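Structural overview for review
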Amino acid sequence: MTHADHAPAPMQPPGRSRWRAMRARDLPAVSALAGRLHPACPERPAILEERYRLCPQGCLILPDPTGNVGGYVLSHPWRMASPPALDTYLHRLPDAADCWYLHDIAIVPPLRGRGDTHAALRILTRHARRLGISWLALMAAEGARTVWAHLGFTPMADIPPRVTESYGADACPMRRAISPAP
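Residues numbered from 1 in each chain as written. Predicted model: local features only at pLDDT ≥ 70, side-chain atom pairs only at ≥ 80, totals over all residues. Heavy atoms only, no water.

1. Describing the packing of aromatic side chains
Applying the stated criterion across every chain, the model contains one aromatic pair. Measuring from ring centre to ring centre gives 5.2 Å for Trp148 and Phe153, while their planes differ by 85°; the resulting arrangement is edge-to-face. Residue Trp148 shares its accessibility class with Phe153, and that shared class is buried. The ring centre of Trp135 lies 4.2 Å from the NZ or CZ of Arg175, which sits over that ring. (Phe/Tyr/Trp six-rings, centres within 6.5 Å; stacked < 30°, edge-to-face > 60°. Buried < 20%, exposed > 50% of the residue type's maximum accessible area, 1.4 Å probe, protein only. Lys NZ or Arg CZ within 6 Å of the ring centre and 35° of its normal.)

If you want it as structure tokens, here you go:
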């Protein structure tokens with residue numbers, strides 16, 4: 001379930017990211033923001049906490065101008081052929097991950113269009129490369145398929161329908177190859 005910047009964005013200077021590491025104390029605000037931005041795809045706070053606990057380096061916060069949570073990323077290594085259904089526990093990360101799975105990228109409307117999705121993808125790509133993973137994967141939902149296609153993601157076939165359907169009628173599993181590090 002992912003929301004991205006929906007407008008063309010001025011790019012940030014290289015190396016300048018507004019994202020910071022998520023902290024456990026951010027989780028209530030992340031859960032509240034998820035409920036506000038994804039009312040059609042509700043998840044229990046414990047599910048979001050589990051993602052953070054299993055892969056803290058894949059969880060980021062985009063502060064708003066007042067320092068509150070204006071956006072977040074929940075992501076982790078996973079198996080591309082079997083994305084997790086919405087609102088389900090992972091229990092543990094797979095031993096042989098073949099993708100970095102973007103469980104959710106959400107940004108409040110006033111902060112969209114600044115290039116922060118691009119910046120988050122660069123951060124997650126670095127994490128994936130460190131593990132030898134060569135794909136990013138996600139479930140585009142709530143009308144975000146064209147946004148993710150614009151960002152280089154393509155639809156994936158053969159994903160179990162029960163998983164895709166858990167994200168809503170328009171959900172589309174997508175992936176993007178990670179180029180080798182320069």
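Let's pick the thread back up.
2. Considering the pattern of salt bridges
Summed over all chains, the structure comprises eight salt bridges. Glu50 is paired through a salt bridge with Arg51; the nearest N and O atoms lie 3.4 Å apart. As far as the burial class goes, Glu50 and Arg51 line up, both buried. The shortest N-O distance in the salt bridge between Arg79 and Asp98 comes to 3.6 Å. (Salt bridge = Lys/Arg side-chain N within 4 Å of Asp/Glu carboxyl O.)

3. Digging into helix α1 (residues 27–37)
Along α1, the positions that sit buried rather than exposed are Leu27, Val30, Ser31, Leu33, Ala34 and Leu37. The buried residues of α1 occupy one face: seen down the axis, they fall within an arc of 165°. The exposed residues of α1 that point more than 90 degrees off its buried face are Pro28, Ala32 and Arg36. Elements in contact with the buried residues of α1: α2 (45–54), β2 (59–63), β3 (69–78) and β4 (99–107). (Helix = DSSP H or I, 4+ residues; strand = E, 2+ residues; numbered from the N terminus. Arc of directions from axis to C-beta. Contact = heavy atoms within 4.5 Å.)

4. Focus on the nonpolar core
Grouped together as the largest cluster of nonpolar side chains are 43 residues, with contacts concentrated most on Trp19, Met22, Tyr72, Leu102 and Trp148. A per-element tally of this core places helix α3 (residues 116–130) first, with six residues. Grouped together as the second largest cluster of nonpolar side chains are 16 residues, Leu86, Cys99, Ala141 and Tyr167 included. (Core = buried A, V, L, I, M, F, W, Y, C linked by side-chain atoms within 4.5 Å.)

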